Amino acid sequence: MTTETETGRARPEAIKAVPVRHPGRWVAIAVLTVLVAMFLHLVLTNDRFNWRFIFVSMGEGKRGAMFTGPVLEGLRGTLLLTVLAMLIGVGLGIVVAIMRLSTNPILSSVAFVYTWVFRALPRLVLAILFGNLGILWERIGFGLPFDQQIGNLFGIHDLNAQFYSIKATDLLSGFLAGVLALGLSEAAYMAEIVRAGIQSVDEGQSEAASALGLSRGQVLRRIVLPQAMRVIVPPTGNETIAMVKDTSLVAFVPVTFELFFQLQAISSRTFVVLPVLIAACLWYLIICSVLMVVQFFVERYFSRGYGTAGKARMRLSGLAAEQGGAAPTPGPGGAGI
Amino acid sequence: MTDEMVRAENVHKSFGSLEVLKGIDLVVRPGEVCCVLGPSGSGKSTFLRCINHLEKINAGRIFVDGDLIGYRERGGKLHELKEKEVAAQRRAIGMVFQRFNLFPHMTVLQNVMEAPCRVKRENKNEVRDRAAALLDRVGLADKIDGYPSQLSGGQQQRVAIARALAMRPKLMLFDEPTSALDPELVGEVLDVMKDLARDGMTMVVVTHEIGFAREVGDSLIFMDGGVVVEQGPPREVIGNPQQERTQAFLSKVL
Ligand SMILES: Nc1ncnc2c1ncn2[C@@H]1O[C@H](COP(=O)(O)OP(=O)(O)OP(=O)(O)O)[C@@H](O)[C@H]1O
Ligand SMILES: [Mg+2]
């Protein structure tokens, strides 16, 4: 079947070729089906999972382990810790990264020492350490530094130039110590992520912006950081998800306002171990899924004007096509997770 | 306005031990188009970047419209200008780069509006009208809401020109504005520049487009090895070069 074109030349028939077969895929599907069936069989028929205990009721008149009051409180604690620690981490991380890239040698070495120290120390150690920092000072307050020493110098022995102070053990033991330990440690990692992001932005961008008369702060805020976000967001998603899990470390501060501690408390009370662990896994899976959805939208926002994910997908399918596979049509622009 | 838009006196610039500019003198009068020619690595870009203080010069003076660039002379001593003052000087000088350097995360219109809104804090609606008019002038009225990545090279460069013009500069610097473009796109950018020149904009243009230099340029300097080898009216320098190095260069590019 041919159609005449304007030049009078016959348009060749559209190609209807037999596509390349992928027998490997069928084998993989078969193997996976069997594995999934085995897993479902295990999960549904083995009553040691005790799904009732997890979801419905732990006993007379009680809710399931996932939904008891203390566990939900713990969940709130975990989320709050994650949010606060990540806020400190991202905020301070940006500051440290900018200091690190500054031409001022003092700023950049302070930033270097900061990342050095906080990346070296394990979070667990930090958590315990911060829980015990209260031992160092009796009171913590805002005011003139070294007020007592200055007072002694002038012969006044009880000079107190503190505007506000609080007993150190009250302030540091517990939640705040946990938030600080996690947040300060996170800032060190975020600083490196932000630095990589800033350095990934083409030099020409800040040049063009400063040639237009934008100040250094404006160049950073308006031009460099928004572009750096494309590089910063995916690893930050990683960090946030890791943080959700690391909040369980604050149990060592000790903070009990935390998901895993509360679930473990149930298992030590009731001697039910496996279902409680499963309940913990389920909660972490749920939190993580929500975060992944959030990350998807944040990434899509910051990749406006690029369509990189779309391009990357196209490149991948191009590769597949080269190797004889069918090239799937690239989806609409936007980032994947 | 003084009668010298750009005045460079014995400008020297080194990167470490490499001396890139070895005493450049140049005067560009208001409304003039000065073309800069020269082989690769001769310091053309570096000189242009010194004019708006993207590079600090090591010796000499550069004045734009009578203002000493980057420094203040007081009691026979030079004081570095504060960052804010440098930024203020740059507002009056537009620059167009070889690789466009549009902001990829902003639409075309936002690219053009950014500096007037942020730097001069002008009224947003006025700036929008002006930006739209500028984009219309460079022939991109229909691309206003697109992103730079959706434009061809020639279109991107025209946006870059509009972006610089939005600050109402008194001087425009062009660093090889067409050399990253496919040959068929060069013309549309040069047309915009010719239009600007006709309107009386003072321009310093580093270019390899000999035709443009001959047709539009009021003066031409030929640089090599960090010095000005030859200068004069474009037709004379191009048609009848006196120096051997100029002849060698022109015979290659013509
Ligand atoms: N930031 C820098 N650090 C060190 N050396 C530099 C820097 N910028 C430029 N140079 C050097 O200065 C010399 C002149 O560079 P410049 O970019 O001014 O040349 P050009 O005349 O614009 O060349 P082209 O036509 O290739 O653009 C080159 O040898 C280059 O390597
Ligand atoms: Mg150059």
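Parameters at a glance
- Residues numbered from 1 in each chain as written.
- Chains lettered and ligands numbered in written order.
- Predicted model: local features only at pLDDT ≥ 70, side-chain atom pairs only at ≥ 80, totals over all residues.
- Heavy atoms only, no water.
- UniProt positions renumbered as here; feature names shortened; annotations may be inferred.
- Helix = DSSP H or I, 4+ residues; strand = E, 2+ residues; numbered from the N terminus.
- Buried < 20%, exposed > 50% of the residue type's maximum accessible area, 1.4 Å probe, protein only.
- Contact = heavy atoms within 4.5 Å.
- Areas by Shrake-Rupley, 256 points an atom, 1.4 Å probe, with all protein chains shown as cover.
- Rg over C-alpha atoms; globule rule 2.2 N^0.38 Å.
- Pairing = 2+ DSSP bridges.
- Axes fitted to C-alpha atoms, helices over the stretch in contact; angles between N-to-C directions.
- Phe/Tyr/Trp six-rings, centres within 6.5 Å; stacked < 30°, edge-to-face > 60°.
- Lys NZ or Arg CZ within 6 Å of the ring centre and 35° of its normal.
- Buried area = accessible area lost by both parts, 1.4 Å probe.
- Salt bridge = Lys/Arg side-chain N within 4 Å of Asp/Glu carboxyl O.
- Polar contact = N/O pair within 3.5 Å; in protein donor to acceptor, adjacent residues only side chain to side chain.
- Nonpolar A, V, L, I, M, F, W, Y, C, P; charged D, E, K, R; others polar.
- Core = buried A, V, L, I, M, F, W, Y, C linked by side-chain atoms within 4.5 Å.
- Near = heavy atom within 4 Å.
- 1 Å grid on protein atoms, 1.4 Å probe; cavity = no way out; pocket = protein on both sides within 12 Å on 5 of 7 lines; lining within 4 Å.
- Points joined across faces, edges and corners; volume = space filled by probe spheres on them.

- Named according to an unreviewed UniProt entry, chain B is ABC-type polar-amino-acid transporter originating from Actinoplanes nipponensis.
- Taken directly from UniProt, the Catalytic activity (unreviewed entry) text for chain B runs: "a polar amino acid(out) + ATP + H2O = a polar amino acid(in) + ADP + phosphate + H(+)".
- Taken verbatim from the UniProt record of chain B, the Sequence similarities (unreviewed entry) comment is "Belongs to the ABC transporter superfamily."

- For chain A, an unreviewed UniProt entry supplies the name ABC transporter permease and the organism Actinoplanes nipponensis.
- In its Sequence similarities (unreviewed entry) section, the UniProt entry covering chain A states "Belongs to the binding-protein-dependent transport system permease family."

## Section: the overall build of chain A
- Helix and strand counts for chain A come out as 13 helices and four strands.
- Buried positions account for 34% of the 337 residues belonging to chain A.
- Pairs at least 24 apart in sequence give 71% of the contacts found in chain A among residues at least 6 apart.
- If you sum the accessible surface of chain A, you get close to 20600 Å²; carbon and sulfur atoms cover 68% of it.

## A few points about the overall build of chain B
- For chain B, the helix and strand inventory stands at nine helices and twelve strands.
- Since a compact globule built from 254 residues should have a radius of gyration of about 18 Å, the 18 Å found for chain B is in line with a globular shape.
- In terms of overall dimensions, chain B has a C-alpha envelope of 50 × 50 × 35 Å along the principal axes.
- The buried share of chain B, reckoned over its 254 residues, is 56%.
- In chain B, once contacts between residues fewer than 6 apart in sequence are set aside, the share between residues at least 24 apart is 64%.
- If you sum the accessible surface of chain B, you get close to 11200 Å²; carbon and sulfur atoms cover 43% of it.

## Structural notes on the sheet that holds strand S11 (residues 219-224) of chain B
Residues and elements named next belong to chain B.
- Judged by pairing direction, the sheet is mixed, and its six strands sit side by side in the order S8-S9-S10-S3-S11-S12 without closing on themselves. Since the sheet does not close on itself, it has two edges, and those belong to strand S8 (93-96) and strand S12 (227-232), each with one partner. The average undirected angle you get between the axes of adjacent strands in this sheet is 15 degrees.
- Relative to S12, S11 is paired through five bridges, and the arrangement is antiparallel.

## Remarks on the environment of Arg137 of chain B
Residue and element names in this part refer to chain B.
- By the element assignment, Arg137 lies in helix H4 (residues 124-137).
- Judged by relative accessible area, Arg137 falls into the partly exposed class, the value being 37%.
- The sequence separation of Arg137 and Ala162 amounts to 25 residues, and the corresponding C-alpha distance is 8.4 Å.
- If we ignore the near neighbours within four places in the chain, the residues touching Arg137 are Asp195, Leu196 and Asp199.

## A look at the packing of aromatic side chains
- Within the structure shown, the criterion is met by eight aromatic pairs over all chains.
- Judged by centre distance (5.3 Å) and plane angle (10 degrees), the ring pair of Phe49 of chain A and Trp51 of chain A falls under stacked.
- By relative accessible area, which is 27% here, Trp51 of chain A ends up partly exposed.
- Relative to Phe297 of chain A, the ring of Phe296 of chain A has its centre 5.2 Å away and its plane inclined at 85 degrees; by these criteria the two rings are edge-to-face.
- Residue Phe296 of chain A is classed as partly exposed on the basis of its relative accessible area, which comes to 24%.
- The lysine or arginine in question, Arg304 of chain A, covers the ring of Tyr301 of chain A, its NZ or CZ lying 4.4 Å from the ring centre.
- Above the plane of the ring of Phe103 of chain B lies Arg163 of chain B, whose end atom (NZ or CZ) is 4.5 Å from the centre.

## Some thoughts on the sheet that holds strand S5 (residues 67-68) of chain B
Residue and element names in this part refer to chain B.
- Strand order in the open sheet formed by four strands is S2-S1-S4-S5, and the pairing between neighbours is antiparallel. Strands at the two margins of the open sheet, each flanked by one partner only, are strand S2 (18-28) and S5.
- Direction of pairing for strand S1 (residues 6-15) relative to S2: antiparallel, over a ladder of eight bridges. Along S2, the bridge assignment pairs Val11 with Ile24.

## Focus: the interface of chain A and chain B
- On the side of chain B, 27 residues touch chain A, which itself brings 21 residues to the contact.
- Together, Ala211, Leu212 and Arg222 of chain A form the three largest contributors to the area buried by chain A at its contact with chain B, with a combined 28%.
- Across the contact surface, chain A and chain B share four salt bridges.
- The salt bridge involving Glu83 of chain B is made with Arg216 of chain A; its shortest N-O contact spans 3.7 Å.
- For the interface between chain A and chain B, the tally reads eight residue pairs in polar contact (both at pLDDT 80 or more).
- Of all the elements, helix H9 (residues 203-211) of chain A adds the most residues to the side of chain A that touches chain B, at seven residues.
- The residue makeup of the side of chain A that touches chain B, split by class, is eight nonpolar, eight polar and five charged.

## Side note on the nonpolar core
- Formed by 74 residues in total, the largest nonpolar core has its most connected members in Leu214 of chain A together with Leu21, Phe47, Ile51, Leu171, Leu173 and Val204 of chain B.
- Counting residues per element, this core draws most heavily on helix H8 (residues 175-200) of chain A, at twelve residues.
- In this structure, Val33, Leu37, Ile144 and Val186 of chain B belong to the second largest nonpolar core, which totals 51 residues.

## With respect to the site of ligand 1
All names here are of chain B.
- All residues in the neighbourhood of ligand 1 are listed as Phe15, Val20, Pro39, Ser40, Gly41, Ser42, Gly43, Lys44, Ser45, Thr46 and Glu176.
- Take Ser45: an N or O atom from its side chain is 2.6 Å from an oxygen atom of ligand 1.
- Contact with the protein chains hides 59% of the accessible area of ligand 1, taken as 640 Å² for the molecule alone.
- In terms of residues, the shell around ligand 1 owes the most to one element, helix H1 (residues 44-51), which gives three residues.
- Counted by class, the shell around ligand 1 contains three nonpolar, six polar and two charged residues.

## Describing empty space enclosed by the protein
- Throughout the structure, instances matching the rule amount to one cavity of 30 Å³ or more.
- Per element, the largest residue contribution to the lining of the largest cavity is three residues, and it comes from helix H5 (residues 153-165) of chain B.

## Considering the pairing of strand S7 (residues 77-80) of chain B
All names here are of chain B.
- Across four bridges, strand S6 (residues 71-74) lies against S7 in antiparallel orientation. When the bridges of S7 are listed, Glu73 appears paired with Leu78.
- Turn length for the S6-S7 hairpin, with the two strands adjacent in sequence and antiparallel, is two residues, and the turn residue Gly75 shows positive phi of about 55 degrees.

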